[in-house]
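The chain contents come next:
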Amino acid sequence: MSKEKNTNTDIIEKEYTTLNLGPTHPATHGIFQNVLKMDGELIVEGESTVGYIHRAFEKIAERRPYYQITVLTDRLNYCSSPINNLGWHMTVEKLLKIEIPKRVQYLRVIIMELARISDHIICNSVIGVDTGAMTGFLYIFQQRESIYDIFEELCGARLTTNIGRIGGLERDFSPKAWALIDKFLAEFPAKLKEFENLLMRNRIFMDRTIKCGPISAEMALEYGFTGPNLRAAGVDYDVRVMNPYCSYEEFEFTVPVGTQGDTYDRFMVREEEMWQSLSIIKQAIEKVKKEPAGVYHADVPEFFLPPKEEVYNNMEALIYHFKIVMGETDVPVGEVYHCVEGGNGELGYYLISDGGRAPSRMHIRRPCFIYYQAYTEMIKGALLSDAILTMSSMNVIAGELDA
Amino acid sequence: MSNTLLDNVNEKLKAKFGEGILSAEMHYDFPVFTIRKDIIHDVIKFLKEDEELAFGFLTTMCGLHYPDNAGHELGVMYQLHNMPKNYRIRLKTFFAISDPQIPTITDLYATANWMERQEFDFFGIIFKGHPNLKRILNMDEMTYHPMRKEYPVEDGTREDKDDKMFGR
């Protein structure tokens, strides 16, 4: 009987279905296309197509003065643009060998950690949405709004911030900004706790995310993972600890790691990172208080744009303004690489200067682009619904992926 | 620390590959080595498998184009990282634009797959042995490699943006 059954299945030729997941699918949160070969609900293999919002940043950068490249970096990981902006400024400052005052470094730490929290809020609440839990998303997004209000007060913009300047920040934190930060610090812990209560030990959420899209530490390193995704797999690599920039070595914080590298671990690592960021911000505020007030940029008139009122009334400021805007300041010849811990991993800028007003070559190490190639490997044999969840938990941002 | 790393790696590479190591110098905080094109794969394999150096992580790589360096116009930059010891180095190799071929390192690092596709896409560098070498960010129908220096960013028909005011 069983033998006969076997021969029957041999006759029936197995056919796979080809499914286009994306480019514009509401569950992919961006323009990602994956051509999947499906065996019913199971994914046999897939191929990613990327480049739908490619904007040739590396080419454009070869024709732009250094300070104009900042706006390009906004559009990389637009969920945490301040980290990209400040990372770029730090790269150029490294090339120019500019020493940044401690107070400015601490202010930058506050900005970058706020940006990290807003980035993780988006990723984690969207994991909730993809498991069917809309409530947490709606609750916690109010906090992201508060962070954007702070950014608005600091630089005038909310999403694509263009925050900071080469040599410092464009202006000091206003009393209103400090008040908003204090308000956020007072409100956020309770809200984050509420969000965690909704999901963290929720049986449905745990069943849905544990063992969903796992990756081992070896595989993650092989595929160039960095950031929360690598830490969820159990490797404690954090640029802030390994190659401290902006005085991160003076701060007390722990680097959370996972064990399984699955969606639940990625969620948990990001949750804990938000608590750590909160603690870093509090420490930074204390440190700022000990520094001389009012310092918000280094004393580098050749590169830091003077205030507008001085440009109109002061000859020297006018000359510096003109030289910076027309790109007549000499930039040293050299090549630098500087990396920061971005929202989803090591964001690195490689910059070659030949002395001209624009870089001769600028290359961006975009963490998304590098780890997204493991996605089709991670979803092999998984259910389609798990593939959606894996993608949202990897925090793939189209702007960074395609640059 | 970085200087000792430079000397350390340089010594090991010189002992193993001799003349193939064209230069070794510090650029800011990074030891940078220029390697002859034909041994680049062997050098990276050696650096990855050496017990002490063990560069197990490929941070990034990118293409380079210097039109004025006759015979060595195109190049590739690799950045390797040994995470436990926090060693970071940069390797460079240059070759002629008329023969833009270089061995792939996808057999050493899986992550090199898309990185190499990206540099093929933008510079036309052919990575020999790559499993799936096709364009990645640009459309497949494109006939040129746009990051090469001969392609200007600005539209050639524009007359208001001359190089005197807006160029490099």
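Note on numbering: residues in each chain are counted from 1, in written sequence order. Chains carry letters from A onward and ligands carry numbers from 1 onward, assigned in written order. Selection of residues for local features in this predicted model requires a pLDDT of at least 70, selection of side-chain atom pairs for listing and counting requires 80 or more, and totals for whole chains, interfaces and linings are taken over all residues. Only hydrogens and water are set aside when side-chain values are computed; all heavy atoms of the structure are taken into account.

### Points about the overall build of chain A
And then number 1: Regarding its fold elements, chain A presents 18 helices and 6 strands.
And then number 2: Atoms considered for the radius of gyration are the C-alpha atoms alone. The globule rule reads 2.2 Å times the number of residues to the power 0.38. Scaling as 2.2 N^0.38, a compact globule of 403 residues should have a C-alpha radius of gyration of about 22 Å, and chain A matches this with 23 Å.
And then number 3: Referenced to the eigenvectors of the C-alpha coordinate spread, the extents of chain A come out at roughly 100 × 45 × 30 Å.
And then number 4: Relative accessibility under 20% of the residue-type maximum defines a buried residue, over 50% an exposed one, and the middle range a partly exposed one, all with a 1.4 Å probe and only protein chains included. Within chain A, the fraction of its 403 residues that count as buried is 58%.
And then number 5: Residues are treated as being in contact if the distance between any of their heavy atoms lies within 4.5 Å. Of the contacts formed within chain A by residues at least 6 apart in sequence, a portion of 70% connects residues at least 24 apart.
And then number 6: Only the protein chains shown count as cover for residues, with accessible areas throughout obtained via the Shrake-Rupley method and a probe of 1.4 Å. Counting only carbon and sulfur atoms, one obtains 54% of the accessible surface of chain A, whose full area is about 16000 Å².
And then number 7: Neither His nor the chain termini are counted; the positive set is Lys and Arg, and the negative set is Asp and Glu. Here the site of a charge means NZ on Lys, CZ on Arg, CG on Asp, or CD on Glu. Charge separation in chain A, taken as the distance between the mean sites of 42 positive and 56 negative side-chain charges, equals 2 Å. Under the scheme used here, helices are H or I runs from DSSP no shorter than 4 residues and strands are E runs no shorter than 2 residues, and both carry numbers assigned from the N terminus.

### Some thoughts on the overall build of chain B
And then number 1: When helices and strands are tallied, chain B shows 4 helices and 7 strands.
And then number 2: From first element to last, N terminus to C terminus, chain B shows the α and β order α-β-β-α-β-β-β-β-α-β-α.
And then number 3: Over its C-alpha atoms, taken along the principal directions, chain B stretches across nearly 55 × 35 × 30 Å.
And then number 4: By residue count, 53% of the 168 residues in chain B fall in the buried class.
And then number 5: Partitioning the intrachain contacts of chain B with sequence separation of at least 6 by distance along the chain shows that 52% fall at a separation of at least 24.
And then number 6: As displayed, chain B offers around 7800 Å² of accessible surface, 49% of which is attributable to carbon and sulfur atoms.
And then number 7: Across chain B, the 21 positively charged side chains and the 27 negatively charged ones have centroids separated by 3 Å.

### Looking at unusual backbone geometry
And then number 1: Backbone geometry places N162 of chain A, a non-glycine residue, at a positive phi of 50°.
And then number 2: Within the secondary structure, N162 of chain A sits in the loop between helix 6 (134–155) and helix 7 (175–199).
And then number 3: On the basis of relative accessibility, which here comes to 23%, the residue N162 of chain A falls in the partly exposed class.
And then number 4: Despite not being glycine, A54 of chain B has its phi angle at roughly 45°, a positive value.

### Focus: a nonpolar patch on the surface
And then number 1: Patch building starts from residues that exceed 30% relative accessible area and form no salt bridge, then joins like charges within 9 Å and nonpolar side chains (Val, Leu, Ile, Met, Phe, Trp, Tyr) within 5 Å. One speaks of a salt bridge when a side-chain nitrogen belonging to Lys or Arg is within 4 Å of a carboxyl oxygen belonging to Asp or Glu. Where nonpolar side chains cluster on the molecular surface, the patch consists of M134, L138, Y139 and L198 of chain A and spans about 380 Å² of accessible area.
And then number 2: With 3 residues, helix 6 of chain A is the largest single contributor of residues to the nonpolar patch.

### Describing the packing of helix 4 (residues 81–96) of chain A against helix 5 (residues 102–130) of chain A
Residue and element names in this part refer to chain A.
And then number 1: Two elements in contact, helix 4 and helix 5, have axes separated by 8 Å at closest approach and are oriented at 140°. Across the interface between the two elements, P82, I83, L86, H89, M90 and E93 of helix 4 pack against R108, I111, M112, A115 and R116 of helix 5.
And then number 2: Each residue is assigned to one of three groups, with Ala, Val, Leu, Ile, Met, Phe, Trp, Tyr, Cys and Pro labelled nonpolar, Asp, Glu, Lys and Arg labelled charged, and all others, Gly among them, labelled polar. Residues of the contact of helix 4 with helix 5, tallied by class, amount to 7 nonpolar, 1 polar and 3 charged. Note on definitions: angles span 0 to 180 degrees between N-to-C directions of axes, and those axes are lines fitted to C-alpha atoms, for helices only across the stretch in contact.

### Some thoughts on the sheet that holds strand 3 (residues 57–65) of chain B
Residues and elements named next belong to chain B.
And then number 1: Should DSSP find at least two bridges between two strands, the strands are taken to pair. Judged by pairing direction, the sheet is mixed, and its 5 strands sit side by side in the order 1-2-5-4-3 without closing on themselves. The two strands at the open ends of the sheet, each matched to only one other strand, are strand 1 (21–27) and strand 3. In this sheet, neighbouring strand axes are inclined to one another by 20° on average, regardless of whether the strands run parallel or antiparallel.
And then number 2: Pairing of strand 2 (residues 30–35) with strand 5 (residues 87–95), which is carried by 4 bridges, proceeds in the parallel orientation. Bridge pairing in strand 5 links T34 to K92.
And then number 3: In the packing of helix 2 (residues 40–49) onto the sheet, contacts are made with strand 1, strand 2, strand 4 (74–82) and strand 5, and the angle to strand 5 comes to roughly 170°.
And then number 4: Packed on one face of the sheet, helix 3 (residues 112–123) meets strand 3 and strand 4 and runs near 5° to strand 3.

### Quick word on the environment of I31 of chain A
Residues and elements named next belong to chain A.
And then number 1: Among the secondary structure elements, I31 is positioned in the loop between strand 1 (17–21) and strand 2 (33–39).
And then number 2: Looking at I31, the relative accessible area reads 30%, which means it is partly exposed.
And then number 3: Beyond its immediate stretch of four places on either side in the chain, I31 contacts P23, Y52, I53 and A398.

### Regarding the pairing of strand 5 of chain B
Residue and element names in this part refer to chain B.
And then number 1: Taken across its 9 residues, strand 5 has 9 buried, putting it largely inside the fold.
And then number 2: Judged by which residues are buried, strand 5 turns out to be covered on both faces: Y87, I89, L91, T93 and F95 on one side and R88, R90, K92 and F94 on the other are all buried.
And then number 3: Following strand 4, the chain reverses through 4 residues before pairing antiparallel with strand 5; N86 in that reversal takes a positive phi of roughly 55°.

### Notes on the interface of chain B and chain A
And then number 1: The partner chain A presents 48 residues to the 51 residues of chain B that form the contact.
And then number 2: Buried surface area refers to the total accessible area, computed with a probe of radius 1.4 Å, that the two partners give up upon joining, counted for both partners together. Carbon and sulfur atoms make up 54% of the surface buried where chain B meets chain A, a total of about 4200 Å² over both sides.
And then number 3: Counting across the chain B and chain A interface gives 7 salt bridges.
And then number 4: Here D29 of chain B and K94 of chain A are joined by a salt bridge, their closest N and O atoms 2.8 Å apart.
And then number 5: Pairing of N or O atoms within 3.5 Å defines a polar contact, subject to two protein rules: one partner must be a possible hydrogen donor and the other a possible acceptor, and residues neighboring in sequence count only if both atoms are side-chain atoms. Where chain B meets chain A, there are 24 residue pairs in polar contact (both at pLDDT 80 or more).
And then number 6: Considered class by class, the residues forming the side of chain B that touches chain A number 25 nonpolar, 13 polar and 13 charged.

### Side note on the sheet that holds strand 3 (residues 42–49) of chain A
Residue and element names in this part refer to chain A.
And then number 1: Within the open sheet, the 3 strands sit side by side as 1-2-3. Their pairing is antiparallel. Of all the strands in the sheet, the pair left with one neighbour each is strand 1 and strand 3. This sheet shows a mean twist of 25° between the axes of neighbouring strands, independent of strand direction.
And then number 2: With 5 bridges joining them, strand 1 and strand 2 adopt antiparallel strand pairing. Residue pairing for strand 2: T18 is matched across the bridge by K37.

### Here's the deal with the layout of surface pockets
And then number 1: Here a cavity is any set of points on a 1 Å grid over the protein atoms alone where a 1.4 Å probe fits but cannot get out, and a pocket is any open set with protein on both sides within 12 Å along at least 5 of 7 lines; a residue lines the site when it has an atom within 4 Å of a point. Grid points are joined across faces, edges and corners, and a volume is the space filled by probe spheres set on the points. Put simply, the largest pocket is a space of about 670 Å³.
And then number 2: As for the largest pocket, its lining consists of 28 residues, of which K94, P244, Y245 and H338 of chain A together with D29 of chain B are closest to the centre.
And then number 3: Looking at the lining of the largest pocket, the elements that each hand over two or more residues are helix 4, helix 5 and strand 4 (334–342) of chain A together with helix 1 (2–17), strand 2 and strand 5 of chain B.
And then number 4: Residue composition of the lining of the largest pocket, by class: 13 nonpolar, 6 polar and 9 charged.

### Section: the nonpolar core
And then number 1: Nonpolar core, defined: a set of buried Ala, Val, Leu, Ile, Met, Phe, Trp, Tyr and Cys residues in which side-chain atoms within 4.5 Å join the residues together. Within the largest apolar cluster, 171 residues are counted, with the highest numbers of intra-cluster contacts made by I110, F173 and F225 of chain A together with L13, L47, Y78 and L91 of chain B.
And then number 2: Per element, the largest residue contribution to this core is 15 residues, and it comes from helix 5 of chain A.
And then number 3: Those residues in contact with L47 of chain B, other than ones at most four positions away along the chain, are V9, L13, L53, A54, F55, L80, I89 and L91 of chain B.

### Examining the packing of aromatic side chains
To describe a pair of aromatic rings, one takes the distance between the centres and the angle between the planes.
Residue and element names in this part refer to chain B.
And then number 1: Only centres within 6.5 Å qualify two rings of Phe, Tyr or Trp (six-membered ring in Trp) as a pair; their planes then separate them into stacked at under 30 degrees, edge-to-face at over 60, and tilted for everything else. Inspection of every chain in the model, using the stated rule, returns 24 aromatic pairs over all chains.
And then number 2: Pairing F17 with F46 gives two aromatic rings, centres 5.8 Å apart and planes at 80°, and the pair type is edge-to-face. Of this pair, F17 sits in helix 1 while F46 sits in helix 2, and the two are 29 residues apart along the sequence.
And then number 3: In this structure F17 comes out as buried when scored by relative accessible area, which is 18%.
And then number 4: Judged by its relative accessible area of 18%, F46 falls in the buried class.
And then number 5: With centroids separated by 6.5 Å and ring planes inclined at 50°, the aromatic side chains of F55 and Y87 adopt a geometry described as tilted. Taken as a pair, F55 in the loop between helix 2 and strand 3 and Y87 in strand 5 lie far apart in primary sequence, 32 residues in all.

Nothing here speaks to function; it is geometry throughout.
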